[in-house]
Amino acid sequence: RNDYKTATQSYLLALKYDSSNTDNLLEVATFLLNQHSGDLAKKYFDQLLSVTHTDHEKAVALQNTGEAYRDAGAYEEAERYYPPAIKIFEQLYQKDPGEYRVAYTSTINQFGSLYYDWEFYSIAGNYFKQADDIYVQAYDSLNNPAITDAENLAWSDVLNNECMLDYKYKNYYAAMRLSTFQAMPLLQKVAGKNPGLYVLRLARAFFNQGLSEFYLK
């Protein structure tokens, strides 16, 4: 109890000296949310949104707030924040696809992950497919040299989520093909440069491959 009180006082003191620092606001709000101080957390999430100056900053704040509520298991609250973030990123993407493709698709993917965690699998699948389709429409193949490292990683994350959904539906062959011939090659293009930076992503991808082989035996 004392540790919580001390940590809270430290966070609030930091905000007192810089109440418009978006990183501090997000950290404080997330901390309070994880300590089950939902009303106080909402105060700082709202403050975070109020100090954003550009559309991009607002979309990021909305996305981060949604993720914080999702991580805390507050799915209904999280659900409120993703759609406006996606709408803003879509508008930015239409103006500059190369600059905002990763942010746009990652937010859609996270929204799908919310519904996956919430066990609304068909809705989750719709969002995963929407994110996947954006890359399919942008590039003629997975080997297109124009695909950036960030896009390879983001696209791989989407495909791995689609794999997990295939497992839920017991579509093991589809999951195996998706993992082996799409998700893993995209990830390895980046991870091969420095595997240590992508341990968690690689572990997840290998797990998907291993799971497919296990069920198909």
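Residues numbered from 1 in each chain as written. Predicted model: local features only at pLDDT ≥ 70, side-chain atom pairs only at ≥ 80, totals over all residues. Heavy atoms only, no water.

1. Some words on the overall build of the protein
Looking only at helices and strands, one finds 11 helices and zero strands in the protein. Each helix and strand of the protein, placed in order from N terminus to C terminus, yields the pattern α-α-α-α-α-α-α-α-α-α-α. Dimensions of the protein, computed from C-alpha atoms along their principal axes, come out at roughly 55 × 40 × 35 Å. Across the 217 residues of the protein, 45% fall into the buried class. Taking all contacts inside the protein whose residues are at least 6 apart in sequence as the whole, residues at least 24 apart take part in 57%. As presented, the protein carries roughly 11900 Å² of accessible surface, and 50% of it is formed by carbon and sulfur atoms. Here the protein contributes 20 positively and 27 negatively charged side chains, and the mean placements of these two sets differ by 3 Å. (Helix = DSSP H or I, 4+ residues; strand = E, 2+ residues; numbered from the N terminus. Buried < 20%, exposed > 50% of the residue type's maximum accessible area, 1.4 Å probe, protein only. Contact = heavy atoms within 4.5 Å. Areas by Shrake-Rupley, 256 points an atom, 1.4 Å probe, with all protein chains shown as cover. Lys, Arg positive; Asp, Glu negative; His and termini not counted. Charge placed at Lys NZ, Arg CZ, Asp CG, Glu CD.)

2. Brief notes about helix 9 (residues 149-168)
Along its 20 residues, helix 9 runs 29 Å from first to last C-alpha, staying within 8% of the 28 Å computed at 1.5 Å per residue. In terms of burial, helix 9 is a largely internal element, 17 of the 20 residues being buried. Downstream of helix 9 by a residue or two, Lys-170 has a phi angle that is positive, lying close to 60 degrees. (Expected span 1.5 Å × (residues − 1).)

3. Some points on the packing of aromatic side chains
Evaluated as defined, the whole model comprises 14 aromatic pairs. Arranged with centres 5.3 Å apart and planes meeting at 80 degrees, the rings of Trp-118 and Phe-120 form a pair that is edge-to-face. Judged by its relative accessible area of 40%, Phe-120 falls in the partly exposed class. Ring plane angle 35 degrees and centroid distance 6.4 Å describe the contact between Tyr-167 and Tyr-172, whose orientation is recorded as tilted. Owing to a relative accessible area of 18%, Tyr-172 belongs among the buried residues under this scheme. Taken together, the ring pairs connect Tyr-75, Tyr-82, Phe-111, Tyr-115, Trp-118, Phe-120 and Tyr-127 into an aromatic cluster. (Phe/Tyr/Trp six-rings, centres within 6.5 Å; stacked < 30°, edge-to-face > 60°.)

Keep in mind that these numbers describe shape and distance, not what the molecule does.
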